[in-house]
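Commentary on secondary and tertiary structure
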Amino acid sequence: PAQEVSRELLGREQLVSVLTTLPPELGIVPGAMLVAILAKRLGSLRLLRLMIPVAALMTSLGAVMRLVPRYWMVPLVCLGLNYASLAANVPLKHLIAAAAPEGRVGEAMATLGMLNQAVAFLANAVVAAGTPLLYSHLKRPLWIAYLVAGCLTLLGSIPIWRLSIDELGCSVADASTDISLNV
């Protein structure tokens, strides 16, 4: 019986592994195409302003797993998380490249990459430290992490709404025009 339970558990773990990997990898392509089309039409700054709340909502989608604990929800949540990172990262990287001083685009992009890694490390550390505390008070509390991450993502819109295209040092006709790269 113990060996049978072990095989069943292994089968479930393999299924979850496939569901967290394959659908998001395949589904990210149309999402990337959509973000590229929107960036072309709206401009990077405007798209970033619109996509941060969308990214926050997609990040918070993981909390739905608490209400609907089904295997078919796993790829939807993972795809939502992939789209959340794609939605904000593409226009943000374009804006950083446009705002970087001439000859220093590589440094600016490396700084963004380093910051992304530091935030991911800090988030993992907070989850690792906070999970035992949450489990001591709640049954299956990890849905809270998705909501907190969504709220923190939404906070990223505060400095973006205060930013104007003129501050980027690029000359553009209006806010809907995309920033031209001078790299």
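In this numbering scheme, every chain counts its residues from 1 along its sequence in written order. Given that the model is predicted, a residue must reach a pLDDT of at least 70 before its local features are reported, and side-chain atom pairs must reach 80 or more before they are shown or counted; all residues, however, enter totals for whole chains, interfaces and linings. The basis for every side-chain value is the complete set of non-hydrogen atoms in the structure, without hydrogens or water.

Structural notes on the overall build of the protein chain
Only runs of H or I of at least four residues qualify as helices and only runs of E of at least two qualify as strands under DSSP, and these elements are numbered from the N terminus. The helix and strand tally for the protein chain stands at seven helices and zero strands. Counting helices and strands in the order they occur from the N terminus, the protein chain gives α-α-α-α-α-α-α. Only protein chains enter the calculation, and the probe is 1.4 Å; a residue is then buried if its accessible area is under 20% of its type maximum, exposed if over 50%, and partly exposed in between. Within the protein chain, the fraction of its 183 residues that count as buried is 26%. Long-range pairs, those at least 24 residues apart, make up 73% of the contacts in the protein chain with a sequence separation of at least 6. In these tables, accessible area is a Shrake-Rupley quantity obtained with a 1.4 Å probe, and a residue counts as shielded only by the protein chains included in the view. For the protein chain, the accessible surface area stands at approximately 12,000 Å², while carbon and sulfur atoms represent 68% of it. Contacts are assigned to residue pairs that have any heavy atoms within 4.5 Å of one another.

Quick look at the nonpolar core
The nonpolar core is taken to be a set of buried Ala, Val, Leu, Ile, Met, Phe, Trp, Tyr and Cys residues, with the residues joined through side-chain atoms within 4.5 Å. Of all hydrophobic cores here, the largest spans seven residues; its members are V35, A39, L42, L47, M51, L86 and A87. Of all the elements in the fold, those that place two or more residues in this core are helix 1 (2-42), helix 2 (44-60) and helix 4 (73-99). At three residues, helix 1 tops the list of elements feeding residues into this core. Among the nonpolar cores identified, the runner-up in size contains six residues, and L45, L48, I52 and A88 belong to it.

Some details on unusual backbone geometry
Despite not being glycine, R140 has its phi angle at roughly 50°, a positive value. Within the secondary structure, R140 sits in the loop between helix 5 (105-137) and helix 6 (143-155).

A word on the confidence of the model for the protein chain
Summarising the model, the protein chain shows a mean pLDDT of 83, and 89% of its residues fall at 70 or more. Every residue is assigned a pLDDT by the predictor, reflecting its confidence on a scale from 0 to 100. Below a pLDDT of 50 lies the segment residues 169-183, which in the model reaches 29 contacts outside its immediate sequence neighbourhood of four places, other chains included.

Comments concerning the packing of helix 1 against helix 2
For the pair helix 1 and helix 2, interaxial distance at closest approach is 7 Å and the crossing angle is 125°. In terms of orientation, helix 1 lies oblique with respect to helix 2. As for how helix 1 packs across helix 2, the hand of that crossing is right-handed. Of the residues in helix 2, those touching helix 1 at V35, L38, A39 and L42 are S44, R46, L47 and L50. Any residue that is not Ala, Val, Leu, Ile, Met, Phe, Trp, Tyr, Cys, Pro, Asp, Glu, Lys or Arg is counted as polar, Gly included; the first ten are nonpolar and the last four charged. Within the contact of helix 1 with helix 2, the residues separate by chemical class into six nonpolar, one polar and one charged. Axis angles are defined between N-to-C directions and span 0 to 180 degrees, where every axis is a line fitted to C-alpha atoms and, for a helix, only to the segment in contact. Any angle that falls under 35 degrees is termed roughly parallel, while one over 145 is termed roughly antiparallel, one within 65 to 115 roughly perpendicular, and all others oblique. Take the far helix as your reference; a near helix turned counterclockwise from it by less than a right angle gives a left-handed crossing, and one turned clockwise gives a right-handed crossing.

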